[in-house]
Structure formats: C-alpha cells, structure tokens
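Overview (structure and organization)
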Amino acid sequence: MALHRRDILAGATALTAAAISSKARAQVAAPRSGGILTVAADTEPRNLNPAIVASNGVFYVASKVIEPLAEMIDGGDGLAPRLATRWEGSPDGRNVTFTLRDGVSWHDGKPFTSADVAFSAMRLWKPLQNLGRIVFKNLEAVDTPDARTVVFRFSVPTPFQLVRNALPGLASVVPKHLYDVGDIATNPANMRLIGTGPFRFAEHRPGEFYRLEKNPAYWEAGRPYLDQIIYRVLPDRGAIAAALEANQIQLAAFSAVPLADMERLGKVPGIAVIPQGYDGITYQLTVEINHRRKELADARVRRAIAHAIDRKFVVDTIFLGYAKPSNGPVPAFDKQFHRTDLPDSGFDRRRAEALLDEAGLPRGGNGMRFSVRLLPAPWFEQTRQFGDYLRQALRAVGIDAQIANNDPAAHLKAVYTDHAFDIAIGSPVYRNDPAISTTILYESGLPAGVPFSNQYGYASPAMDGLIRRAASAVDPAERTALYRDMQTLAATDLPLIHVAEFTFLTVARRTVMNVANNPRWATSHWADTWLSA
Amino acid sequence: MTRVLRLLALRALSAIPTLLIVAFGAFMLLEFAPGDAVDAYLAQTGGDAGFAAELRRSLGLGGTFAERLAGFLVSLATLDLGQSVVFARPVASVIAERLPNTLLLMASTTLFAAGIGLGLGMLAGRRPSSLADHGISTAALVLLAIPNFWLGLLLVVGLAVSWPLFPVAGIRSLTTTGGPAVALLDLLHHLVLPTLALGAGYIALYLRTLRAGMVEAWQSDHVRAARARGLSESSVLRRGVVRPALLPSLVVAGQNIGTLVGGSVVVETLFSIPGMGRLAFEAVTGRDTALLVGVVMSATLMVLAINLVVDLAMAWVDPRLGAIDG
C-alpha cells in the first residue's frame, strides 16, 4: 500500500485528537457550518412526540426538533435555559413561575408563546405523558399572565427541586395551534414533528431513515451548524460497526455497537469511543426480588444474595470496565442526593452462607438450599449476561437458580403484572431526581401492571413514610435529607439489590465535533454539533 | 386452454381454506404468547397504570378472548387488514412498503441462484462421476453448509468495509440524484451483497437437483433409444437428459421462491433491508396481531400464486401433466 502525504497528515491529526479529550476538541478549531451528519438508529418509535413519550428512543430523534424548557449541563446548577430563561418556585411549593425566551417561532412560522407551554403542560404532560403523569399529577392550572410568563399552580405543595430536575426530560413543548383540534394521541404531528428546535423534521422513510434539516430561523443566531441529520435505521449491531468503519455513518450512540467491538473500533484510525455524555440518563443493574416467596421475604436471605455478587467482576467482565459498582438507589453522578456511606454489602461468600444458615436454610442433599426462577431482562446484552453470572454466583452459595428467557413483552408481563418470578434482573433508569422513576421501585400499594415499579411485594411503612414526606417537602435541604434516609433504609432492607450503574458509549468519527458535551447529549439538541472538514 | 382455466379455478378455491387456516394460526399464536402489544410498548417507555390502561383502551386490547376473536373474524370477513399497533398505521400500507423490497430480493436471489446453480448442475451432470462433477458437487456441499448470516458478515467485512465496492446496508442510497436509470443502478448495487449472502445456499439446491435428475435420465430407455437412432450426443443431452431433469428443478424453484417471499429475517436485518421477514419479526415482538396476520396472509397469497405459476410452467414443459380428461 502506498503511503500518501495526506494519509500521514490524517494520522497525525488523529493522534492529536486522541490526546485531547472529546470536550476539549471543540476548541481546536473554529466551528464550521454545513455538512450532513449520518447517525445510526435502531428503533422507529410508533409515537415520536416527546411531550407524550419521554423515552430515550424518542428523544434521540425528537429532541433536535422539539425543545424542553431547560436542558442539563455539566457544572453550575446543572441546568441551562432552552425555551425558558428563568424559573422560580414559591416558598410554599404551590407555584412555579417561568419566564420564556423571546423571539422564538415554531417551524411553521407561528410565534411561540406562554399559551403553548400551558397547553403542553395541562393537555399532554399531566394527562398523557408516561412520566409526567407522576410528576405533574398535582398540577392544577397553568396561568399565562402575558405571552412570556407562565405560572404553574399545584394543588398540594410540590417540591420546586423536583420540578426543576424534571425540566430536561419531562417538559418538551409542542405547538398548541396544531394540537388543540382533535384527538391528541392520534395527531399526525406526533410523527411529523413541528417544534422550535434547531432542526426541522423533513422526512421519514419507514425502515430506512429519518431526515432532519437545519432550521434557518432558529432563535440562537448562527446555530445549528449542521445542514442535516440523517438517522439511518440499522437494526443489526454488526452492521452499525461496519457502517462506521466504512464511514457510511459518522456516529452511533447508546452503545449501539457491541461492547466487545469497542476496543477494536477505538483503534480504527478516525474513530473515537466516547464514554461521556450519558450521566443524566444513568441505568442501574438491579436484582429484583419477589418478596411473596417466603425464603426471599427474609432480609437475611436478600443480604446473602447481595454478598454473593462480586460487583467488581461484574463491572470488569460484563461491562468491560464501562460501569461502576453500585449499592444504592441513587447513582454517584447525582451529587445532590447520592449517599457514599451506605452499609456495605461487599462480595463475601462465607458471610452469605452464614446468613443463609442463620435464616434456617441449610444445604440439602443435593448441596442446594432452595431453588429460584431467575428472569433476566432481555433488553440489554448486559442484563442477559448478568443473568448467567448470577446463576453461577447463587449456585456457589447453595441457591439453585433456573433461568427463564423471555422476549420484552413476555418479561414485562411475567415480572410486573403476573409476579411470576422469584428473582429478575432489571435495569431501571435514574432520571435526575429520585421522585421521577426511582421511589416507584420502593413504594407499596401500586396496582399490578406498572412496569419498572415495586411489583416485588415489598411493603415497609417506614419506607412509604419517607417517600410520602419527601414528595411534599418543599424545602430542598429537608427533601434531600429525606432521600438520604431513604437510601440508607433501601440499603438495609434490600428490597432490591443494586449491582452496578452504567451509562452508554458513543462511537463517532473524529470529524464529529462537540460530541458528549452535556449529561444528556444523545437526547439533547445538537445545535452546537459540527463536522470538521 | 380449458386445462389452464380449470387449474386456475381449482387453485383459487383451494386458496380460501389455506388462507383462513394460516390467518387463524397467526392470530392464535399471538393470543397465546405471554404479554400483549402494550406490554411490548411499555418495555421501551415505562409508565403508570393509567398510562397502560389508556393505551389498551385506545388500541382496543382491553376485551376478552371472545371479543378479540370476534373482532378478528369480522375484519377477516370484511377483508380489512386493520391497523398496525407497532407502526400506528394501516397494515396494508406497511405491507405495501415492505413487500416490494422482499420481492426484489427474492427475484434477484432466484435469478442468481438458479442461473449459477443450473449452469453448474448441467456441467456436473453432463458426465456423472467425472472430475468436474466431483469438484462441482463438493463445492456445492460447502456452499450449502455455510450459514447465510456468517457469509453475509464476511461479505460485508470484505467487500463493503475493507474493500469498499458495495454499500454496507440499505436497499437504496439515502439521497439519490438523477433519473430512473441511476436509481435502478443504485438499487442493483445495493442488492449485490444480500443476493450473494442469501443465494449461495440455494445454488447448491438447484445444482444438486438438476444433477440428480440428469444422472437418472442418462440411465433411461429414451436416452438409449435416442442414441440408437443415431442422434448427436449434444442433442441427446439437450432433449433427452436436461429437459426431463429440469422438471424437479422447477419444483425446487417453486419451493425456494415460496420460502423467499416470507422474507429472510437474518439477511434483511444484517443488510438493513426493510422487508417482510423483519416485519414479521417486529410484529411478533410487538405482539401486533393485525400486522402478523397481514404479513402471513400476504406471504401465503404470494406462495399460492407462485405455486400456480410453477404448475403452469410444469404443464408447459411436460404436456402429460394435468392432461387427464383433457
């Protein structure tokens, strides 16, 4: 193979780029406008409206078109203005006042006003949205004193801290003038999005791609840099890796490439593996336990299971180091609430066996104490692999685990509706505040059929009390303290066992700039993303 | 001509029970699968009890088995494929999008596999047990043994990544400029690797069938008679050996094409081609009964149509077939 000067230069650039972190790379050169960024997409949601479906699959495409009131940033108070420029809660927790950005218009040319926010909140977030139904359930009314001001009025004191933390994920604003006629759930704008964002929705060819194009009238002057973003539907993970190598796509987010391929891809000239940019959507690997099973209702048995798991091994072998061990419900990234001094349930097989003996479960004739049905969640490679690991880890302390594999629908029904499991492997998401999708894993009295919630049969008056008090604690210090107590109780009772917290990886060509520069990057606006020549 | 018409009428009548059985089977399959469309959807989004209940209500999934069965029978009777839950669109429009891609892949695979397979089969069957025959037959066995997902991956790595002659994925370029001729070339360019991956195994099938038929024909009395009449070796080969041996190859072709219209989940996924195989897979994981019934019924219709074409072709090749009472 002949070596050309250009190749050598490209190699040198790649080396320099590798030496500089992804965040610092942006400063190397001045941003350049133009270009088409093609990225991999592995799903095509049936409803693409983030005001109704707040999920990562939807945000990945929709967050470039439809904007939230605020977005997460690293540092500072953690929030950056998007459609709202200021937010303030009243001391009694009854009102939150937002000041909206001036000079914003919808992609169809109509002006963006407070009426759009009020409509989105009352007609979509509160009654329809998967997460908003919980967080905004006590939202009584939204006042619009003028076109730039919105006042949320809650019927019971609602912590401003929670409302604030919910802004990036739960507060996407859609245009009132397109949604106030007909059924919202079947509105065509749920698939052909109209928003205020840096990109306009241009085209969806089912099974092939989504195409977004630059919004020339975007409120932030000079942005976005990219002319187009194309989401190429690539259902096969091997094909995604091949397409990156062949430079037919420039970026794949959400660990779309198998972890085992990452090391190899990271060595391909011109490709970078970027672990940042997902802290705001941290997933947790958990062991879910059915307390209806009498052996498992004993806290000593649950503690024994926790001691049987070698978290370091799990992180190093299953996640290839791209995760952190965890032993509580709040991930370490959330400095606001995370507790570092939780009771330790480190890897200790002898202790596990002693606890099981103490619980009156001696090893029987076949060397086993009792047997359990183990249902690993099918959605991640790692949840399935951890199922295989857990089976062996439990056997080592005398618990015979039989794995039952299901597809997503069957798994969801078995665990969260029928309770037909003894132990399951779960992967709940921590969404920036314990009240959004974390306390639901601990509170009792939820009806059957609520996915990713306490369907474990765990009921603790102390736990319920803490959750209830925190739900209406308007003083942030008091609320934080309550959630810190909750973490301690969770680590003592161990209704479910946290094993690791993990985020995703982005694999991108080194020509893509400003990648992973905020904690929800893949699900944020990409207005400042650009392509170097 | 009456022979053809009778065949058509008979086939059309017998198609009805086949379609009904197949549709009912697809319906029951998802009825008995654990979890429904809302469970499949909630796995991606989460949501509280009210969210799930509202979804079930709006998708019409709330009822009892009897109610769903009644709904299914009504839609069947009115020939209404209904609404897809996974795609939130009419089933017919989803299928209309996917079917052409699968038909294209089917056509290119069949042409490729039959062309190469029959050609090599003729070479092998010309002189059974010759060196050429052994070489070709062994190669065919190897082709038959290669799994298509593995071959597909190798083709991608070799001919799309390391030596980028062909696109990695898709059925056409994302942005096409130029006229229909450019679009056609683009399409063919995209079809090469999936066709190779899917067709390799079928080459062996055509080859082996034709070769076996030829081996048998060489032994037959009509070949001996033809030789005795002093016909040249090449016309004996053409008329006495290849022609009768083509009949079983046609049957094999019919069966293979039938399998191919169902789509190949593996090859369609690997090459990101939105076709019927992937659609059926998505319908099952999404517990989308209407879509699965639609996919299965349209595939069945295609298979029946292809069988009919094959029968007509056979009748043309071999005038003895269907000639009773004629």
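Residue positions are counted from 1 within each chain, in the order its sequence is given. Lettering of chains starts at A and numbering of ligands starts at 1, both following the order in which they are written. In view of the model being predicted, local features appear only for residues whose pLDDT reaches at least 70, and side-chain atom pairs are presented and counted only at 80 or more, with totals across whole chains, interfaces and linings using the full set of residues. Here the side-chain values reflect all heavy atoms present in the structure, with hydrogen atoms and water set aside.

Moving on, we get to the overall build of chain B. Here a strand is any run of E in DSSP of at least two residues, a helix any run of H or I of at least four, and the numbering for each starts at the N terminus. When helices and strands are counted, chain B shows 13 helices and 2 strands. When its C-alpha atoms are laid out on the principal axes, chain B stretches across 85 × 60 × 40 Å. The long-range share in chain B, meaning contacts at least 24 apart out of those at least 6 apart in sequence, stands at 74%. A 1.4 Å probe and the Shrake-Rupley method give the accessible areas. Residues count as covered only by the protein chains that appear here. Entry remark: accessible area of chain B is about 16,100 Å², with carbon and sulfur atoms responsible for 71%. Note on contacts: a residue pair qualifies if any of its non-hydrogen atoms lie within 4.5 Å across the two residues.

Attention shifts here to the overall build of chain A. Looking only at helices and strands, chain A has 17 helices and 22 strands in total. Rg of the C-alpha trace for chain A: 24 Å, near the compact-globule value of 24 Å for 533 residues, within the 12% margin. If you line up chain A on its principal axes, its C-alpha atoms span 75 × 70 × 40 Å. Burial classes follow relative accessibility: with a 1.4 Å probe on protein chains only, a residue under 20% of its type's maximum area counts as buried, one over 50% as exposed, and anything between as partly exposed. Taken across its 533 residues, chain A has 59% of its residues classed as buried. Under the convention used here, Asp and Glu are negative, Lys and Arg are positive, and both His and the chain ends fall outside the count. By convention, the charge on Lys lies at NZ, on Arg at CZ, on Asp at CG and on Glu at CD. When the 59 basic and 54 acidic side-chain charges of chain A are each reduced to a single mean position, those positions are 2 Å apart. What the globule rule says is 2.2 Å times the number of residues to the power 0.38, and the radius of gyration is computed from C-alpha atoms.

Counting residues at the interface gives 40 residues for chain A, matched by 43 residues for chain B. When chain A packs against chain B, the two sides together hide about 3,500 Å² of surface, and 62% of this comes from carbon and sulfur. Throughout, the accessible surface (probe 1.4 Å) given up by two parts as they are put together, summed over both, is called the buried area. Considering only the surface of chain A that becomes buried against chain B, Arg46(A), Arg133(A) and Arg232(A) emerge as the three largest contributors, covering 18% of it. Counted as salt bridges are all cases of a side-chain nitrogen of Lys or Arg within 4 Å of a carboxyl oxygen of Asp or Glu. Across the contact surface, chain A and chain B share 3 salt bridges. Across the pair Arg172(B) and Glu208(A) runs a salt bridge, and its minimum N-O distance is 2.7 Å. As used in this structure description, the phrase polar contact means that two N or O atoms lie within 3.5 Å; if the pair is within protein, one of them must be able to donate a hydrogen and the other to accept it, and residues adjacent in sequence are counted only when both atoms belong to side chains. Joining chain A to chain B, the criterion identifies 7 residue pairs in polar contact (both at pLDDT 80 or more). Counting residues per element, the ones that place at least two in the side of chain A that touches chain B are helix H5 (132-135), strand E10 (228-233), helix H8 (237-245) and helix H14 (408-417) of chain A. When residues of the side of chain A that touches chain B are assigned to their parent elements, the largest contribution, 6 residues, is made by H14(A).

This part takes up empty space enclosed by the protein. Only protein atoms enter the 1 Å grid used here, on which a cavity is any set of points holding a 1.4 Å probe that cannot leave and a pocket is any open set flanked by protein within 12 Å on both sides along at least five of seven lines; residues with an atom within 4 Å of a point are listed as lining. Grid points are joined across faces, edges and corners, and a volume is the space filled by probe spheres set on the points. The tally for this structure, following the rule as stated, stands at 4 cavities of 30 Å³ or more. In terms of lining, the largest cavity is formed by 16 residues, of which the most central are Gly169(A), Leu170(A), Ile281(A), Arg431(A) and Arg520(A). Of all the secondary structure elements, the ones that give two or more residues to the lining of the largest cavity are helix H3 (56-62) and helix H6 (160-170) of chain A. By residue number, the principal contributor to the lining of the largest cavity is H6(A), which donates 4 residues. In this structure, the second largest cavity encloses a volume near 60 Å³. Forming the walls of the second largest cavity are Gly207(A), Glu208(A), Arg232(A), Val233(A), Leu234(A), Ala169(B), Gly170(B), Ile171(B), Arg172(B), Leu174(B) and Ser272(B). Of the residues contributing to the lining of the second largest cavity, the split by class is 5 nonpolar, 3 polar and 3 charged. In the scheme used here, Gly and all other residues not listed as nonpolar or charged are polar, with Ala, Val, Leu, Ile, Met, Phe, Trp, Tyr, Cys and Pro taken as nonpolar and Asp, Glu, Lys and Arg as charged.

Turning to its location among the elements, Ala26(B) is positioned in helix H1 (residues 2-32). Separated by 252 residues in sequence, Ala26(B) and Arg278(B) have C-alpha atoms that sit 16 Å apart.

Once that is clear, we can look at the packing of helix H16 (residues 461-471) of chain A against helix H17 (residues 476-493) of chain A. Residue and element names in this part refer to chain A. Axis lines are fitted to C-alpha atoms, over the contacting stretch for helices. Their N-to-C directions set the angle, which ranges from 0 to 180 degrees. In the contact formed by H16 and H17, the axes pass within 9 Å of each other and the chain directions differ by 160 degrees. Judged by the inter-axis angle, H16 sits roughly antiparallel to H17. By crossing handedness, the relation of H16 to H17 is classed as left-handed. On the side of H16, the interface is formed by Ala 462, Met 463, Leu 466, Arg 469, Ala 470 and Ala 471, while H17 contributes Arg 479, Leu 482, Tyr 483, Asp 485, Met 486, Leu 489 and Ala 490. The cut-offs work like this: below 35 degrees is roughly parallel, past 145 is roughly antiparallel, 65 to 115 is roughly perpendicular, and the gaps in between are oblique. Each crossing gets its handedness from the near helix: less than a right angle anticlockwise from the far helix is left-handed, clockwise is right-handed.

Working definition: two side chains of opposite charge can pair if their charged atoms are close together. Applying the stated criterion across every chain, the model contains 43 salt bridges over all chains. One salt bridge connects Asp48(B) with Arg133(A), and the closest N-O pair in it is separated by 2.7 Å. With Asp48(B) in the loop between helix H2 (37-45) and helix H3 (49-58) and Arg133(A) in helix H5, this residue pair bridges two chains. The buried category is assigned to Asp48(B), whose relative accessible area is 17%. Residue Asp316(A) is joined to Lys312(A) by a salt bridge in which the shortest nitrogen-to-oxygen separation is 2.6 Å. Of this pair, Asp316(A) and Lys312(A) both sit in helix H11 (residues 311-318), 4 residues apart, roughly one helical turn. For Asp316(A), a relative accessible area of 37% puts it in the partly exposed group.

All names here are of chain B. A patch consists of residues exposed above 30% relative accessible area that lack any salt bridge, with like charges linked at up to 9 Å and nonpolar side chains (Val, Leu, Ile, Met, Phe, Trp, Tyr) linked at up to 5 Å. Taken together, Phe 149, Trp 150, Leu 153, Leu 154, Val 265, Val 266 and Phe 281 make up a surface patch of nonpolar side chains, about 620 Å² in accessible area. Of all the secondary-structure elements, those providing two or more residues to the nonpolar patch are helix H7 (148-162) and helix H11 (265-270). With respect to the helices and strands, the residue Phe 149 is situated in helix H7.

Residues and elements named next belong to chain A. Strand pairing requires that DSSP identify at least two bridges connecting the strands. Taken in spatial order, the 4 strands of this open sheet run E4-E5-E7-E6, and their pairing is antiparallel. A strand with exactly one partner marks an edge of an open sheet, and here the two such strands are strand E4 (84-89) and strand E6 (139-146). When strand polarity is set aside, the average angle formed by the axes of neighbouring strands in this sheet is 20 degrees. Both strand E5 (residues 95-100) and strand E7 (residues 149-154) contribute to a ladder of 5 bridges, which runs antiparallel. By the bridge assignment for E7, Asn 95 is matched with Arg 153. Helix H4 (residues 114-125) rests against E5, E6 and E7 of the sheet, and its axis sits at about 170 degrees to E6. This element, H6, spans E4, E5 and E7 of the sheet and lies at about 160 degrees to E4.

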